[in-house]
Amino acid sequence: RFIPHSVQTFDASVYARVVNWKPHQPVEIKLKGEGILPKVATVDVDFDTIPLRSQKDSTAIVLRTGGNDILTIDSLYWVNGDKGAFDIDASYFSGLQIPPDSLYSMPIRFTGESIGMHQARIAVVHDALPAYKRDTSYILLQGFVRNNDSSRYSIQLSAPNTVYSC
């Protein structure tokens, strides 16, 4: 059984011979293997500021892959936050496989229905651990909604300097 301890090429040789068969020379068996491991880095998405009751669309890069093996994403799911402010098609939350040295993006819509900072966190369950063990990474989505009415009003009252009573 081959269980590498790191991502690299391994070589080994084993010599075998039959004890009771003298005419046969020993046989060399060469074993070669390569330790493989996908790598993943999540990318947070900042939508900056939008006006109230507007929306902003982005095809945002949310994952970068590396290593020397295909990355398997088992699932993506909402963890916490204001997920109602962000719209992502449900098909992007199912399992997928991404080749090494790739960027993965998904269309996301940020909708500003209430004033203030909006954040939501998405969990990504993947196999970027040795021996295909599972791990979870997180993507943070955030954006700020400002009030449309940014006018500043001031009222100035003036009266004559002298007031006479009748």
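Residues numbered from 1 in each chain as written. Predicted model: local features only at pLDDT ≥ 70, side-chain atom pairs only at ≥ 80, totals over all residues. Heavy atoms only, no water.

**Details of the sheet that holds strand E11 (residues 135-146)**
Step number 1: Pairing in this open sheet of 5 strands is mixed, and the strands run E4-E11-E10-E6-E8 from one edge to the other. Every interior strand has two partners, whereas the edge strands, strand E4 (45-51) and strand E8 (96-98), have only one. Between one strand and the next, the sheet's axes are offset by a mean angle of 30 degrees, whatever the strand orientation.
Step number 2: Alignment of strand E6 (residues 71-81) against strand E10 (residues 116-126), held across 7 bridges, turns out to be antiparallel. Looking at E10, one finds that Tyr77 is bridged to Ala123. (Pairing = 2+ DSSP bridges. Helix = DSSP H or I, 4+ residues; strand = E, 2+ residues; numbered from the N terminus. Axes fitted to C-alpha atoms, helices over the stretch in contact; angles between N-to-C directions.)

**Topic: the pairing of E6**
Step number 1: Across 3 bridges, E6 lies against E8 in antiparallel orientation. Opposite Thr72, over in E8, you have Gln97 as the bridge partner.

**Topic: the nonpolar core**
Step number 1: Judged by nonpolar contacts, the single largest core of 27 residues is most densely connected at Val62, Ile73, Phe86, Ile108 and Leu141.
Step number 2: At the level of elements, E4, strand E5 (55-67), E6, E8, strand E9 (103-111), E10 and E11 are the ones that each hand at least two residues to this core.
Step number 3: Considering every element that reaches this core, the biggest residue donor is E9, with 4 residues.
Step number 4: When sequence neighbours within four positions are dropped, the list of residues in contact with Ile108 reads Val45, Phe47, Lys56, Asp57, Ser58, Ala60, Val62, Phe86, Asp87, Ile88 and Leu141. (Core = buried A, V, L, I, M, F, W, Y, C linked by side-chain atoms within 4.5 Å. Buried < 20%, exposed > 50% of the residue type's maximum accessible area, 1.4 Å probe, protein only. Contact = heavy atoms within 4.5 Å.)

**Here we look at the confidence of the model for the protein**
Step number 1: Residue-level pLDDT values for the protein average 89, and 94% of them are 70 or greater.
Step number 2: Within the protein, E11 carries the highest mean pLDDT (97), whereas strand E1 (residues 9-16) carries the lowest (88). (pLDDT = per-residue confidence, 0-100.)

**Brief notes about the side chain of Ser102**
Step number 1: Position of Ser102 relative to the elements: it lies in the loop between E8 and E9.
Step number 2: Side-chain polar atoms of Ser102 contact the backbone oxygen of Pro99, separated by 2.9 Å.
Step number 3: Non-local contacts of Ser102, meaning those with residues more than four positions away in its chain, are made with Leu63, Arg64 and Thr65. (Polar contact = N/O pair within 3.5 Å; in protein donor to acceptor, adjacent residues only side chain to side chain.)

**Looking at the packing of aromatic side chains**
Step number 1: Inspection of the entire model under this criterion finds 4 aromatic pairs.
Step number 2: Here Phe47 and Phe110 contribute two aromatic rings whose centre-to-centre distance is 5.5 Å and whose plane-to-plane angle is 35 degrees, an arrangement assigned as tilted. Here Phe47, found in strand E4, pairs with Phe110, found in strand E9; they are 63 residues apart in sequence, far enough to count as distant. Assigned by exposure class, Phe47 and Phe110 land together as buried.
Step number 3: With centroids separated by 5.8 Å and ring planes inclined at 35 degrees, the aromatic side chains of Trp78 and Phe93 adopt a geometry described as tilted. Here Trp78, found in strand E6, pairs with Phe93, found in the loop between strand E7 (86-87) and E8; they are 15 residues apart in sequence, far enough to count as distant.
Step number 4: Overall, Trp78 belongs to the partly exposed group, its relative accessible area being 24%.
Step number 5: Judged by relative accessible area, which is 16%, Phe93 ranks as buried. (Phe/Tyr/Trp six-rings, centres within 6.5 Å; stacked < 30°, edge-to-face > 60°.)

**Structural notes on the layout of surface pockets**
Step number 1: For the largest pocket, the calculated volume is near 260 Å³.
Step number 2: Contributing to the lining of the largest pocket are 15 residues, with Pro4, Ile36, Leu37, Pro130 and Ala131 lying nearest its centre.
Step number 3: Split into classes, the residues belonging to the lining of the largest pocket amount to 11 nonpolar, 3 polar and 1 charged. (1 Å grid on protein atoms, 1.4 Å probe; cavity = no way out; pocket = protein on both sides within 12 Å on 5 of 7 lines; lining within 4 Å. Points joined across faces, edges and corners; volume = space filled by probe spheres on them. Nonpolar A, V, L, I, M, F, W, Y, C, P; charged D, E, K, R; others polar.)

**Details of unusual backbone geometry**
Step number 1: Residue Asp101 is not a glycine yet carries a positive backbone phi of 55 degrees.
Step number 2: Secondary-structure assignment places Asp101 in the loop between E8 and E9.
Step number 3: One non-glycine residue with positive phi stands out, namely Tyr132, at about 60 degrees.

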